[in-house]
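# Overview (structure and organization)
The residues making up each chain are set out below.
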Amino acid sequence: DDAVRMAEESVKIAGDDLMAHYALARALHLRAVLVDSQGREASMGPAIAAWQRVLELDPKFTWAINELGMAYMATAKMADKRGQDVKKDVEAAIAQFDRAIAVDPSFLSPAYEKLQALNWLVRREINANRADTAPVAAMLDALGALKKLPDTNSWRRAFWKTRTHRLLARREFVLGRDPRK
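Below you will find a few notes about this structure. (Residues numbered from 1 in each chain as written. Predicted model: local features only at pLDDT ≥ 70, side-chain atom pairs only at ≥ 80, totals over all residues. Heavy atoms only, no water.)

A few words now on the overall build of the chain. Across its full length, the chain carries eight helices and zero strands. Listed N to C, the secondary structure of the chain is α-α-α-α-α-α-α-α in terms of helices and strands. A principal-axis box enclosing the C-alpha atoms of the chain has dimensions of 60 × 40 × 25 Å. Restricting to contacts in the chain with at least 6 residues of sequence separation, those with at least 24 account for 59%. Element-wise, carbon and sulfur atoms account for 54% of the exposed surface of the chain, whose accessible area totals about 10100 Å². Each charge class in the chain was averaged separately, 29 positive and 24 negative side chains, and the resulting centres sit 8 Å apart. (Helix = DSSP H or I, 4+ residues; strand = E, 2+ residues; numbered from the N terminus. Contact = heavy atoms within 4.5 Å. Areas by Shrake-Rupley, 256 points an atom, 1.4 Å probe, with all protein chains shown as cover. Lys, Arg positive; Asp, Glu negative; His and termini not counted. Charge placed at Lys NZ, Arg CZ, Asp CG, Glu CD.)

Met-44, Trp-51, Val-90 and Leu-146 are the most contacted members of the largest nonpolar core, which totals 55 residues. Not counting residues within four places of it along the chain, the set of residues in contact with Met-44 comprises His-29, Ala-32, Val-33, Ala-71, Ala-74, Thr-75 and Met-78. (Core = buried A, V, L, I, M, F, W, Y, C linked by side-chain atoms within 4.5 Å. Buried < 20%, exposed > 50% of the residue type's maximum accessible area, 1.4 Å probe, protein only.)

What follows is about helix α5 (residues 87-103). In this model, α5 (17 residues) spans 24 Å end to end at C-alpha, consistent with the 24 Å of a helix rising 1.5 Å per residue. Of the residues making up α5, those classed as buried are Asp-89, Val-90, Ala-93, Ile-94, Gln-96, Phe-97 and Ala-100. Summarising the axial view, the buried residues of α5 lie within an arc of 155 degrees, below the 170-degree limit, and thus occupy one face. Within α5, the exposed residues directed more than 90 degrees away from the buried face are Lys-87, Lys-88 and Ala-102. On its buried side, α5 packs onto α4 (62-81) and α6 (109-127). (Expected span 1.5 Å × (residues − 1). Arc of directions from axis to C-beta.)

The next point concerns α4. Here α4 is 20 residues long and its end C-alpha atoms lie 29 Å apart, about the 28 Å a rise of 1.5 Å per residue gives. The buried fraction of α4 amounts to 15 of the 20 residues, a majority that puts the element mostly inside the structure. Just past α4, the residue Gly-83 takes up positive phi, approximately 75 degrees.

The next point concerns the environment of Ala-95. By the element assignment, Ala-95 lies in helix α5. A residue is classified by how much of its surface remains accessible, and Ala-95, at 40% relative accessible area, is partly exposed. Here the alpha-carbon distance between Ala-95 and Ala-134, two residues 39 residues apart in the chain, equals 15 Å.

Below you can see the structure in the form of structure tokens.
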């Protein structure tokens, strides 16, 4: 709460300073994540509004675009815990990751965040014993796109490739099919 209060004070003092607004959005985001991790009801709404304000000031600020996507994913995960629909928030997250990739294809974080979001969605489908193929196709497309990006961390690419294929094998097994085919 102290971090949020100080960031709010910075915004009051600095007006339209981009980094003051960024600090506020980050503080609100982290507070919501912390509150949620403590098992208390949390809302990412104020953080999402703050990220959107940052992007009003600089629509091409890829860090903020990516973190807005992360805020939508956090919202989806919170909604999932409450048994609520997550589709709108996951779609919003993926749209922000795609937007960040479009603005700066060399910024790798949104590509990995997108793949992580799709992995989460496919795991959720598996756990619910559903066979929806759309998230699987999107996940494979994201993995294919990741292979085309310049990345000095080949271990990260290998990690996500392995994790994705392991998840696909688990999906086939849960659906009663042979994962080797």
